Amino acid sequence: MLTKLPSTFSRNKTKLTRNVLKHAKNLVVIGCFCIGTNQVDLEFAADQGVAVFNSPFSNSRSVAEMTIAEIITLSRQMGDRSIELHNGIWNKVSARCWEIRGKTLGIIGYGHIGSQLSVLAEAFGMNVLYYDILMIMALGTAKQVSTLEELLNKSDFVSLHVPETPETKMMFGTPQFAAMKDGSYLINNSRGSVVDIPALIDALKLGKLAGAAIDVYPQEPAKNGPFFNNQLNTWTSELQSLKNIILTPHIGGSTEEAQSAIGIEVGTALTSYINEGISTGAVNFPEVSLRGLDLDQDNAVRVLYIHQNVPGVLKTVNNILSDHNIEKQFSDSRGDVAYLMADISGVTSEDIKSLYEELNATQYKIAVRLLY
Ligand SMILES: NC(=O)C1=CN([C@@H]2O[C@H](COP(=O)(O)OP(=O)(O)OC[C@H]3O[C@@H](n4cnc5c(N)ncnc54)[C@H](O)[C@@H]3O)[C@@H](O)[C@H]2O)C=CC1
Ligand SMILES: O=C(O)C(=O)COP(=O)(O)O
């Protein structure tokens, strides 16, 4: 159906690969109703003239809150106590159950989620360290460390909040577990590809880690309900058998508040791109905007021209537009793709057809839309 749609919607499970996108001939825009955009081949989408929008922060508070809940749940072994009581066992213990006050939280990836988590953790009396590839201003009394190793050596809890990129794939494996403090905890609410699960299982079995919380998996089932082990990964049953490990079904951003805010944010971006061509906030595309579009005035037309980023294109396009008054114009490029927006006036309905045909016939065009 993608071939017939001007826009398509995805959450993190909908894989829009090169193979899928190359059949989507009429596709104009993709909305990812989530933060992560690794499920879409962003570069190929841009090469096809398809802009991709996401919701960069609407569910970040939900993830930060869930992480705080997990830190306390792990520290008090509440998951295990709850499972025991569900199975009719009363097991009142305090051994190796801790307050989180005064403990150190190491945050890997200090972006929207990591930085909110930092503020919440400090409110609980935790000390916060963070590691990020960028220099980022610390909130509260958190401290940025310059190596991942330093963070791992010093933290009682380590929480991952990085995006899936070639650099973060399997960034957490045997050497990173070895560098962690004995009896520490790992939380992964980022992406399933970031942690080497067999290495995590070993660290838990050896007692190196006192617990872990995992929300994301290398493969995830496409729908709710019973799943076969190989739909998550081949080690699911091992994970299920371990003590003090919280397993959640990728629900970090799944709250009513987050879903409603995401719907509004991405929906607004999609409609302003479709109706006005505005690409501000696109994750794969040049960001172009022009002030007020008044199509009722002076036979106005907005020209949206996406093209390969090579010399000479603007000259050709402006030559075609030059029979009309160019009220305003803006152009930007990102990598191999460039995007020109121009508001022209004095365009008759006959002109529109010929303008479209001429622009469509230009050499380096990727896509053309005229709004009138
Ligand atoms: N479990 C869930 O339901 C959810 C999971 N997520 C995941 O969380 C990720 C992070 O979300 P945000 O904080 O909003 O993203 P963000 O883009 O605001 O922050 C990510 C931070 O990670 C840093 N980073 C990138 N590569 C790194 C590396 N190799 N080492 C250290 N730091 C690195 C970046 O510089 C940035 O500061 C998303 O990309 C998504 O995959 C997001 C929302 C919900
Ligand atoms: O926002 C994200 O990146 C998430 O992982 C949450 O995705 P979802 O809305 O649950 O498909």
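As shown above, the structure is provided for reference.
Predicted model only: the values in this text are computed from it and were never measured.

> Let's hear about the sheet that holds strand S1 (residues 7-10): which residues, and what values?
The three strands lie next to each other as S1-S2-S3, forming an open sheet whose pairing is parallel. At either end of the open sheet lies a strand with only one pairing partner, and these are S1 and strand S3 (51-53). Between one strand axis and the next, the sheet turns through 20 degrees on average, direction left out of account. In the packing of helix H11 (residues 256-276) onto the sheet, contacts are made with S1, strand S2 (29-32) and S3, and the angle to S2 comes to roughly 170 degrees.

> So what's going on with the side chain of Asn12? Residues and values would help.
Residue placement: Asn12 occurs in the loop between S1 and helix H1 (18-21). Relative accessible area serves as the criterion here: at 16%, Asn12 is assigned to the buried category.

> Tell me about the packing of aromatic side chains, and name the residues and values.
Think of a pair of aromatic rings as described by two things: how far the centres are apart, and how the planes are tilted against each other in angle. In the structure shown here, the tally under the stated rule is seven aromatic pairs. Pairing Phe53 with Tyr273 gives two aromatic rings, centres 5.7 Å apart and planes at 55 degrees, and the pair type is tilted. Residue Phe53 is located in strand S3, and its partner Tyr273 is located in helix H11; the two are separated by 220 residues in the primary sequence. The pair formed by Phe53 and Tyr273 is uniform in burial state, with each residue classed as buried. For the ring pair Tyr273 and Phe285, a centre distance of 6.3 Å and an interplane angle of 90 degrees mean the geometry is edge-to-face. Of this pair, Tyr273 sits in helix H11 while Phe285 is found in the loop between H11 and strand S11 (301-308), placing the two residues twelve residues apart along the sequence. By the burial criterion, Tyr273 is buried, and Phe285 matches it. Here a set of aromatic residues connected by ring pairs shows up, and it is made of Phe53, Tyr273, Phe285 and Tyr339. Above the ring of Tyr273, the side-chain terminus of Arg369 is found at 5.2 Å from the ring centroid.

> Quick one: what's the story with the pairing of strand S8 (residues 184-188), residue by residue and with numbers?
Put simply, side chains in a regular strand alternate between the two faces of the sheet. Burial runs high along S8: five of the five residues are buried. Burial along S8 is two-sided: the face carrying Ser184, Leu186 and Asn188 and the face carrying Tyr185 and Ile187 are both buried. Where strand S7 (residues 157-160) lies against S8, four bridges are found, and the strand directions are parallel. For Val158, the partnering residue across the bridge sits in S8 and is Leu186.

> For the site of ligand 1, give the residues involved together with the corresponding values.
Taken together, 27 residues are adjacent to ligand 1, and His112, Ile113, Asp132, Asn189 and Asp215 come closest. One of the backbone nitrogen or oxygen atoms of Ile113 is found 2.9 Å away from an oxygen atom of ligand 1. Contact with the protein chains covers 88% of the free accessible surface of ligand 1, which is 870 Å². The residue makeup of the shell around ligand 1, split by class, is 13 nonpolar, eleven polar and three charged.

> Before we move on, could you go through the environment of Leu370 and cite the residues and values that matter?
In this fold, Leu370 is placed in strand S14 (residues 365-371). Separated by 27 residues in the primary sequence, Leu370 and Asp343 have C-alpha atoms spaced 9.8 Å apart. Every residue in contact with Leu370, bar those within four places of it in the chain, is listed here: Val301, Arg302, Val303, Ile352, Leu355, Tyr356 and Leu359.

> Could you give me a rundown of the sheet that holds strand S13 (residues 337-345), with the residues and numbers involved?
Sheet strands pair by backbone hydrogen bonding; their relative direction is either parallel or antiparallel. Spatial ordering of the open sheet is given by S12-S13-S11-S14, a layout of four strands whose pairing is antiparallel. Among the strands making up the open sheet, the edge pair consists of strand S12 (325-334) and S14. Sheet twist, expressed as the average angle between the axes of neighbouring strands with direction ignored, equals 10 degrees. Here H11 sits on the sheet in contact with S11, S13 and S14, set at roughly 85 degrees to S14. Sheet strands in contact with helix H12 (residues 313-321) are S11, S12 and S13, and its direction is about 155 degrees off that of S11.

Conventions adopted
Residues numbered from 1 in each chain as written. Chains lettered and ligands numbered in written order. Predicted model: local features only at pLDDT ≥ 70, side-chain atom pairs only at ≥ 80, totals over all residues. Heavy atoms only, no water. Pairing = 2+ DSSP bridges. Helix = DSSP H or I, 4+ residues; strand = E, 2+ residues; numbered from the N terminus. Axes fitted to C-alpha atoms, helices over the stretch in contact; angles between N-to-C directions. Contact = heavy atoms within 4.5 Å. Buried < 20%, exposed > 50% of the residue type's maximum accessible area, 1.4 Å probe, protein only. Phe/Tyr/Trp six-rings, centres within 6.5 Å; stacked < 30°, edge-to-face > 60°. Lys NZ or Arg CZ within 6 Å of the ring centre and 35° of its normal. Near = heavy atom within 4 Å. Polar contact = N/O pair within 3.5 Å; in protein donor to acceptor, adjacent residues only side chain to side chain. Areas by Shrake-Rupley, 256 points an atom, 1.4 Å probe, with all protein chains shown as cover. Nonpolar A, V, L, I, M, F, W, Y, C, P; charged D, E, K, R; others polar.

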